[in-house]
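# Close look at the chain arrangement
These are the residues of each chain, in order.
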Amino acid sequence: MAALTRLLRSAATSGSTARISLSTLASEPKTGFPAGLAARLAPALTRKERDERNVQWVFLGCPGVGKGTYASRLSQLLGVPHIATGDLVREELASTGPLSQKLVDIVNQGKLVSDEIIVELLTKRLSKGEEKGESGFILDGFPRTVRQAEILEGVMDIDLVVNLKLREDVLVEKCLGRRICSECGKNFNLARINVEGQNGQPGMYMPPLLPPSGCMTKLITRADDTEEVVKERLRIYNDMSLPVEEFYRRQGRLLEFDLPGGIPESWPKLLQVLSLEEHHDDKQLAAA
Ligand code: ADP
């Protein structure tokens, strides 16, 4: 990340090679983009070796799958920032900045924000983190298009991509059950998922993630968590983001994880597949 932000800072002041940044790449014309991009970028980058930095992971998965929940728990465990581009977009929406007006319709219709804007927001976030001395990250909600994946690939090494998976009917129910506390910002879920096993597939139970009494009266629902918009987001995921899974699968960096149930069941299994099971009994995280 240091390399990226150094590159971004120098982009403002120096010559042609250093001008390559996440933002400038996103602005490149799509035609012919981005054959040989990584090779073209390589000379401009000083990528940190794996042992010089913390993990750089990506979480993929459909809306409602729980990327935020598991990415945020892992980020606490590993001491890296959890960077969710959806949160960056919502922060922008809540501001009075010029971008806010541009984004509101796109997001509320469940469409994707342009690669240019999302890369700009992510670049700002990474630069701020770098200034604070952050090392490593868990990205959640980025990349969502192959173009974004290629841009990311051009500037930094991604060690692992975790692909969380759940049945589509459960995803819709989970999105509709999502609530946020308007005061503390924490996420909860009122949905109680209890599906029968079918076609040889096991059933699944996911208890609701209820807020403490202090938050109960302050719960709000995201404007894009209506049934119509959730279905549109799922359609767009299948269209634009399934190819991203394939992008990482081909590189052998995709870890597929079928969620077996709610947090109590899934968290220890996720730790196990990530070889982090020694943290299984972490009391603070277990309670989160
Ligand atoms: P979800 O619950 O669908 O995973 P997020 O909270 O990740 O939702 O994102 C909310 C919205 O923010 C998306 O529907 C989209 O409009 C925008 N967004 C977030 N990340 C990206 C991205 N990488 N590319 C384009 N748009 C994005």
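What counts and how
- Residues numbered from 1 in each chain as written.
- Predicted model: local features only at pLDDT ≥ 70, side-chain atom pairs only at ≥ 80, totals over all residues.
- Heavy atoms only, no water.
- Helix = DSSP H or I, 4+ residues; strand = E, 2+ residues; numbered from the N terminus.
- Buried < 20%, exposed > 50% of the residue type's maximum accessible area, 1.4 Å probe, protein only.
- Contact = heavy atoms within 4.5 Å.
- Areas by Shrake-Rupley, 256 points an atom, 1.4 Å probe, with all protein chains shown as cover.
- Pairing = 2+ DSSP bridges.
- Axes fitted to C-alpha atoms, helices over the stretch in contact; angles between N-to-C directions.
- Parallel < 35°, antiparallel > 145°, perpendicular 65-115°, else oblique.
- Left-handed = near helix turned anticlockwise from the far one by under 90°.
- Nonpolar A, V, L, I, M, F, W, Y, C, P; charged D, E, K, R; others polar.
- Near = heavy atom within 4 Å.
- Polar contact = N/O pair within 3.5 Å; in protein donor to acceptor, adjacent residues only side chain to side chain.
- Salt bridge = Lys/Arg side-chain N within 4 Å of Asp/Glu carboxyl O.
- pLDDT = per-residue confidence, 0-100.

### Observations concerning the overall build of the protein
For the protein, the helix and strand inventory stands at 13 helices and ten strands. A burial count over the protein gives 48% of its 288 residues as buried. Restricting the contact set of the protein to residue pairs at least 6 apart, pairs at least 24 apart contribute 73%. Carbon and sulfur atoms provide 52% of the accessible area of the protein, an area that totals close to 14,300 Å².

### Some remarks on the pairing of strand S1 (residues 56-60)
Of all the five residues making up S1, five are buried; the element is thus mostly covered by neighbouring parts of the structure. A two-sided burial pattern is seen for S1, the buried positions comprising Gln56, Val58 and Leu60 on one face and Trp57 and Phe59 on the other. Across four bridges, the pairing between S1 and strand S3 (residues 137-140) is parallel. Paired with tryptophan 57 across the two strands is isoleucine 138, which belongs to S3. Both S1 and strand S4 (residues 160-165) contribute to a ladder of four bridges, which runs parallel. Following the sheet pairing, phenylalanine 59 is matched in S4 by valine 162.

### Notes on the packing of helix H5 (residues 85-94) against helix H6 (residues 98-108)
Packing of H5 against H6 leaves a shortest axis separation of 8 Å and a crossing angle of 125°. By the angle class used here, H5 and H6 are oblique. Crossing handedness for the pair H5 and H6: left-handed. Every residue of H6 that contacts H5 at Val89, Glu92 and Leu93 is listed here: Leu99, Ser100, Leu103, Val104 and Val107. Class assignment for the residues of the contact of H5 with H6 results in six nonpolar, one polar and one charged.

### Considerations on helix H8 (residues 146-155)
The buried fraction of H8 amounts to seven of the ten residues, a majority that puts the element mostly inside the structure. Taken as a whole, H8 has its buried residues at Arg147, Gln148, Ala149, Ile151, Leu152, Gly154 and Val155.

### Digging into the site of the ligand
Taken together, 18 residues lie around the ligand, and Thr85, Arg90, Lys111, Gly141 and Arg178 are the ones closest in. Here a nitrogen atom of the ligand sits 3.1 Å away from a polar atom, N or O, in the main chain of valine 113. Within the side chain of arginine 233, a nitrogen or oxygen atom sits 3.0 Å from an oxygen atom of the ligand. Alone, the ligand offers 550 Å² of accessible surface; in the complex the protein occludes 96% of this.

### A short note on the pattern of salt bridges
Following the criterion strictly, the structure yields 21 salt bridges and no others. A salt bridge links aspartate 169 to arginine 167; the shortest N-O distance between them is 2.7 Å. Accessibility expressed as a relative area gives 24% for arginine 167, which makes it partly exposed. A salt bridge links arginine 249 to glutamate 246; its shortest N-O distance comes to 2.7 Å. Highlighted residues: arginine 249 and glutamate 246, both in helix H11 (residues 227-250), separated by three residues, approximately one helical turn.

### Focus on the confidence of the model for the protein
With 80% of its residues at a pLDDT of at least 70, the protein reaches an overall mean of 83. Predicted confidence in the protein is weakest over helix H1 (residues 2-13), with a mean pLDDT of 36, and strongest over S4, with 98. Within the model, the stretch residues 1-20 combines pLDDT values under 50 with 40 contacts to residues more than four positions away or in other chains. Below pLDDT 50 for its whole length, residues 29-46 participates in 22 contacts with residues either more than four positions away or in separate chains.

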